[in-house]
Amino acid sequence: MTEADRAGMQLSANHCTGTDKPKLTHLPMDPADFAFILPYGLMVGGHVTPVDHQYFPPTVFDSAPGTYDVYAMADSNLVAITTRTHPGQGSYRSETVTDYRMVFSLSCRLFYYYDLVNELAPGLENEFQASGGNVAVTAGQFIGKVGNQTLDFAVWDTDRPLAGFVNPEGYWPETWKVYTADPLDYYADDIRAIALSKYVRIAEPQSGKIDYDVDGKLIGNWFEVGTDGYNGSAGEGNGAYWTGHLSFAPYFLDPSAFLVSIGNWPGGAKQFATKENAPDPATVGLEAGIVKYTLVEFGPYTGDSPWDMKTIPTEPIHLETLSDARGCILVQLTDARALTAQAFPGSGCDQVDGFTEGATAYER
């Protein structure tokens, strides 16, 4: 069995068959029902490393849960359903919302998945359970509803592991992440054109990117030594696994700027732009010694106006810095895959002389 087949069997709970990669012929939602498509690579809150899914925001974001239909994208097999609950947002914050995460197999080599589906099609969950976890669906089949939040979506191709994770084994709690693929490569031509018309990222790759590691350079993802890589110090799914994560990566909507994403910032994980936007983390190597970055607040802008990430932008999106220093971070590569870093909240870099006993060792 090849590595691609082994990954396929794991992702499908041993329910996949074959190696074909038929095209995706239907979008997850009706085009009129979603406002735009956010690319891979967002870093926000506990998503300290670049996010491995795209977002389909509903046309009316403050809609009721279960407002908009969700469809299967191809003749495929539903091979996983998991659930969780949480409070609603906006006008529906008093409601309890159930989220469904759904994985679909086209073969042992190609998958797509959804998350944050609010409701399942009538009878689908019972059919899934009765089948032992393997239900055939057809392209365009109604499979559920979403509202009050985005629909998460990604494609996985087990033949094409991402090259920008220098230690892919470190992502074992979320194996699929390594196989995240550009949806534009798998769409039928007609829906590809529709999807592209909804994209808000202009830079290539327009679908976004999540893997930025370069051996011997600062750019990419780092994990606190002794915390089992992506699994984190709190363990898988324990609510704070990201505390030991640290990432230096381009902003997902405007990659001309980069962010510093810090899992152990006081009060919770936090993302910052840098005042200097330099030096580029892709150029920072062992020879650089200690490097300082001034951390500042930021936001997306469309033209001269801030963008709320809920309404359709009127002009190309770019990053703007929005504050004076919120802190300083010192970093130093000590080996190709070893990093010392320390954040100093509330201090400007002119107030920071060097590492203290509070510095953290990272690896990847």
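The coordinates are above.
Being a predicted model, the structure only gives us computed values, none of them experimental. (Residues numbered from 1 in each chain as written. Predicted model: local features only at pLDDT ≥ 70, side-chain atom pairs only at ≥ 80, totals over all residues. Heavy atoms only, no water.)

Undergrad: Tell me about the state of the cysteines, and please be specific about residues and values.
TA: If you walk through the whole model with that rule in mind, you get two disulfides. Across the disulfide, Cys 328 is cross-linked to Cys 349 (sulfur-sulfur distance 2.2 Å). What sets the handedness of the Cys 328 and Cys 349 disulfide is the S-S torsion sign, and at about 100° it is right-handed. Of this pair, Cys 328 sits in strand β19 (residues 327-335) while Cys 349 sits in the loop between β20 (338-345) and β21 (360-363); the two residues are 21 residues apart in sequence, bridging distant segments of the chain. In this structure Cys 328 comes out as buried when scored by relative accessible area, which is 0%. Since its relative accessible area comes to 12%, Cys 349 is described here as buried. Taken in sequence order, the bonded cysteines of the protein chain link in the pattern 1-2, 3-4. (Disulfide = S-S within 2.5 Å. Helix = DSSP H or I, 4+ residues; strand = E, 2+ residues; numbered from the N terminus. Buried < 20%, exposed > 50% of the residue type's maximum accessible area, 1.4 Å probe, protein only.)

Undergrad: Can you tell me about the sheet that holds strand β8 (residues 142-146), naming the residues and giving the values?
TA: Read from one edge to the other, the open sheet built from three strands follows the order β2-β8-β6, with strand pairing classed as antiparallel. Strand pairing shows two members of the sheet lacking a second neighbour, β2 (68-71) and β6 (119-120), which therefore form its edges. (Pairing = 2+ DSSP bridges.)

Undergrad: How would you sum up the pattern of salt bridges? Please name residues and give values.
TA: The full count for this structure, using the stated rule, is 15 salt bridges. Among the ionic pairs, Arg 109 bridges to Asp 159, the shortest N-O distance being 2.9 Å. With Arg 109 in the loop between β4 (96-105) and β5 (110-117) and Asp 159 in the loop between β9 (151-157) and β10 (180-181), this pair connects stretches of sequence that are 50 residues apart. Residue classification places Asp 159 among the partly exposed residues on the basis of a relative accessible area of 36%. (Salt bridge = Lys/Arg side-chain N within 4 Å of Asp/Glu carboxyl O.)

Undergrad: Residues and numbers for the sheet that holds strand β18 (residues 317-321), please.
TA: Pairing in this open sheet of three strands is antiparallel, and the strands run β17-β16-β18 from one edge to the other. Two strands lie at the open edges of the sheet, namely β17 (305-306) and β18, each paired on one side alone. Across two bridges, the pairing between strand β16 (residues 298-302) and β17 is antiparallel. Its bridge partner lying in β17, Tyr 301 is registered against Pro 306.

Undergrad: Provide a residue-level description of the side chain of Arg 364, including the pertinent values.
TA: Summarising the element assignment, Arg 364 is placed in the segment after β21. At 2.8 Å, the side chain of Arg 364 and the backbone oxygen of Val 214 are in polar contact. Beyond its immediate sequence surroundings of up to four residues, Arg 364 is in contact with Val 166, Asn 167, Asp 213, Val 214, Asp 215, Lys 217, Leu 218, Ile 219, Gly 220, Asn 221, Trp 222 and Arg 337. (Polar contact = N/O pair within 3.5 Å; in protein donor to acceptor, adjacent residues only side chain to side chain. Contact = heavy atoms within 4.5 Å.)

Undergrad: Please provide a residue-by-residue account of helix α1 (residues 3-11), values included.
TA: Buried residues of α1: Ala 4, Asp 5, Ala 7, Gly 8 and Leu 11, and no others. Looking down the long axis of α1, one finds its buried residues gathered within 160° of arc, a one-sided arrangement. Just beyond α1, the residue with positive phi is Ala 13, at close to 55°. (Arc of directions from axis to C-beta.)

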